[in-house]
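# Analysis of the macromolecular model
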Amino acid sequence: MSDSPTAGGAEDKKGRPDDRQELKADIEQTREELGETVEALAAKADVPARVRGKAAQLREQATDTLGTLTQTVREKAPQLRDQASGTFGTLTQTVREKAPQLREQATGTLGTLTQTVREKAPQVREQVAGPVAKVGQAVPEPARRTVARTGRQATEAAGRRPGALYAAAGVCAAAGLWLWRRGRGRR
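Residues numbered from 1 in each chain as written. Predicted model: local features only at pLDDT ≥ 70, side-chain atom pairs only at ≥ 80, totals over all residues. Heavy atoms only, no water.

### Some points on the overall build of the protein
Summing up its helical and strand segments, the protein has four helices and zero strands in all. The linear arrangement of helices and strands in the protein, starting from the amino end, is α-α-α-α. Here the protein holds 187 residues, and 10% of them are scored as buried. For the protein, the exposed surface amounts to about 15600 Å²; the carbon and sulfur share of it is 57%. (Helix = DSSP H or I, 4+ residues; strand = E, 2+ residues; numbered from the N terminus. Buried < 20%, exposed > 50% of the residue type's maximum accessible area, 1.4 Å probe, protein only. Areas by Shrake-Rupley, 256 points an atom, 1.4 Å probe, with all protein chains shown as cover.)

Right, dumping it as structure tokens:
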């Protein structure tokens, strides 16, 4: 156990330089880590820069997506065009094939309706003629002539245009009703 200053001093000198280098290295590493931490905190605190970065990222994603969609549309367009042309051609062909049948059916239905109206026209004339005659007796002569003329026109029109029969019957009925009410007001 020697307490000599030289022996202990040499040992201290040997230990210190290593400790100093380690301490300097630790300080340097801590400074680097602290600098990185400060930079990270500064980046997080810089909201406008983060927004610009996020906007650029989203813009890039949108551009990529748009490019992908555009490419998909370009690839699928000819196929869809061919399908649409085929479908349109099929529909056109179907219409051309069915048109004569539909025309025949419509003509038959119209003919049946016309025949029914012509068959019913005399009955309707008789049904209308009775009330018109009764109203005509209660109505002054000029009004009776008008009603009779309208009735004749309706009868003539019924043969040519069945729809006109119904219109004339309505007019006659309205005229008769109007004249009847007018005649009641005078009494």
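Still to come is the rest of the account.
### Comments concerning the confidence of the model for the protein
A low pLDDT means the predicted coordinates there should not be read in detail. Summing up the model confidence of the protein, the mean pLDDT is 77 and the portion of residues at 70 or higher is 78%. At the low end of the mean pLDDT range in the protein sits helix α4 (residues 162-186), at 71; at the high end sits helix α2 (residues 47-138), at 81. Contacts of residues 4-11 to residues separated by more than four positions or lying in other chains number one contact, the stretch itself having pLDDT below 50. (pLDDT = per-residue confidence, 0-100. Contact = heavy atoms within 4.5 Å.)

### Brief notes about a negative patch on the surface
Side chains of Asp-18, Asp-19, Glu-22 and Asp-26 sit close together on the surface and give a patch of like negative charge. Positionally, Asp-19 belongs in helix α1 (residues 5-45). (Patch = residues over 30% accessible without salt bridge, like charges linked within 9 Å, V, L, I, M, F, W, Y side chains within 5 Å. Salt bridge = Lys/Arg side-chain N within 4 Å of Asp/Glu carboxyl O. Lys, Arg positive; Asp, Glu negative; His and termini not counted. Charge placed at Lys NZ, Arg CZ, Asp CG, Glu CD.)

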